[in-house]
Amino acid sequence: MQLNESNKAIRGALTAATCSLLGLPQAGVAADNPWSVDTTILYYQENDGRVQALEPVISATRDMGGDRFFNTKLVVDVLTGASPNGAAPSDQVQTFTRPSGSGDYTTSAGNIPLDDTFRDTRGALSAGWQQPISHDTRINLGGNVSAEHDYASLGVNGAIARDFNDKNTTLSAGLALSEDVINPEGGIPTEFAAMVPAGDTLPRASSDDTKSLIDLLVGVTQVINRRTLMQFNYSMTQSDGYHTDPYKILSVVDGVTGRPNQYVYEKRPDSRTRNSVFWQTKYHLTRDVIDFSYRYFWDDWDISSHTVDLRYRWQFRDQHYLEPHVRYYQQSAADFYRHSLVSGAALPDYASADYRLAEFTGMTLGLKYGITRHNDDELSMRFEVYQQPGETHPSDAIGVQRDYNMYPDLTAYIVQFSYAFR
């Protein structure tokens, strides 16, 4: 089956998704205009003075001729604000030692405890090289490095893609290896050790620790008919090493009143295996495009999730489009998630009160407006609202805990400006 222009347009969009997953640059840059550059700046803001992020991104791909491409990407994240420290709300003022041990901060009665020391700047740089090794097969090799004040990561990756059936079917596979070094402020806390007052010697196991990751991805992209494309992917990540968040704690509360009498540092397993399957379909109407995807995730921490994503690109004028976006996410809790521990009870093997490991749902509503030009330049603006409710009054809440919101509901706003040019 030969692809007409509509088929090519849709297939190009799905190929972009495959390339993004595998780290493969896209073909098709004009030989007389070899650089393709994408620039983006994103602003993220959570409610109640929590996390704020400003993220500029620039990526560039150069056509080297002969279906060979070089691509590079630079990302900078500037993060500020406050983040839940894991402690449960109480009817009393609570005082916590800062991670450095040099000071403390307090939380008012009834409020979710927030650590206002959340400050970071991260830089990440990646590069890749793609070239054909036969008429229907191409490979990509790349590497990446990122660093922030308490975390560093170094990785390499490789991918291969092969076309079949008059280029209507593409099989792809990718492998990535990375090594991370965690060097938190104040050092690595001793797991389940009690927090001590500011100025005392902190219970620390070491100054730093490491984590290694192996990522595997296999997938297929298929032209179904002149209007429809589908993509299927399976990915697996195996990580070993330090998985605990050194800045998260748990409240140890009285079994009757629910009031805390101490705080301990969390403990997570030292390995994790994550799996996911992903299905995406793009359907090309006369002018518009419907983009639907579903992802199922599961791991050996007993977390599973469902993600449904729908976009509709409405080409209301020749060079102008609107793209509404709806995304729904549902997650189950990790088997070691605890909102608090009970004083005098035996400690579990692992425990964390990090709300990101809890059971919750998330809903994103957004709208993107874009302007395209005849030379393929594009300017776009995106605004989205994200809401994440969880179980605010769990059945196992104790004493005064029943009077307060035990889950830090989240509302976040995202604004993004992008400009792509050749």
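First, a word on what this report is: a plain description of the structure on this page. (Residues numbered from 1 in each chain as written. Predicted model: local features only at pLDDT ≥ 70, side-chain atom pairs only at ≥ 80, totals over all residues. Heavy atoms only, no water.)

The tally for this structure, following the rule as stated, stands at 12 aromatic pairs. Between the aromatic rings of Phe-96 and Tyr-105, the centroid separation amounts to 5.5 Å while the plane-to-plane angle is 35 degrees, which identifies the pairing as tilted. Exposure class is identical for Phe-96 and Tyr-105. Each is buried. Ring centres of Trp-279 and Phe-292 lie 5.7 Å apart, and the angle between their planes is 70 degrees; on these two criteria the pair is classed as edge-to-face. With Trp-279 in strand β18 (residues 271–284) and Phe-292 in strand β19 (residues 289–299), this residue pair connects regions lying 13 residues apart in the sequence. For Trp-279, a relative accessible area of 30% translates into the label partly exposed. Judged by relative accessible area, which is 28%, Phe-292 ranks as partly exposed. Lying over the aromatic face of Tyr-265, Arg-204 brings its terminal NZ or CZ to 5.3 Å of the ring centre. We note Arg-272 situated over the ring of Trp-301; from NZ or CZ to the ring centre the distance is 4.3 Å. (Phe/Tyr/Trp six-rings, centres within 6.5 Å; stacked < 30°, edge-to-face > 60°. Buried < 20%, exposed > 50% of the residue type's maximum accessible area, 1.4 Å probe, protein only. Helix = DSSP H or I, 4+ residues; strand = E, 2+ residues; numbered from the N terminus. Lys NZ or Arg CZ within 6 Å of the ring centre and 35° of its normal.)

Turning our attention to empty space enclosed by the protein. All chains considered together, the criterion is met by 2 cavities of 30 Å³ or more. When its volume is computed, the largest cavity comes out at roughly 130 Å³. If you trace the largest cavity, you find 15 residues lining it, with Gly-86, Ala-87, Ala-353, Met-406 and Pro-408 closest to the centre. For the lining of the largest cavity, a count of residues per class yields 11 nonpolar, 2 polar and 2 charged. For the second largest cavity, the calculated volume is near 100 Å³. (1 Å grid on protein atoms, 1.4 Å probe; cavity = no way out; pocket = protein on both sides within 12 Å on 5 of 7 lines; lining within 4 Å. Points joined across faces, edges and corners; volume = space filled by probe spheres on them. Nonpolar A, V, L, I, M, F, W, Y, C, P; charged D, E, K, R; others polar.)

Turning to the sheet that holds strand β17 (residues 260–265), a few remarks are in order. Whenever strands of a sheet pair, they do so through backbone hydrogen bonds, lying parallel or antiparallel. With mixed pairing, 3 strands are arranged side by side in an open sheet as β17-β16-β22. The sheet terminates laterally at β17 and β22 (341–342), the two strands that pair on one side only. Relative to β22, strand β16 (residues 249–253) is paired through 2 bridges, and the arrangement is parallel. Across the sheet, the residue bridging to Val-253 is Val-342, located in β22. (Pairing = 2+ DSSP bridges.)

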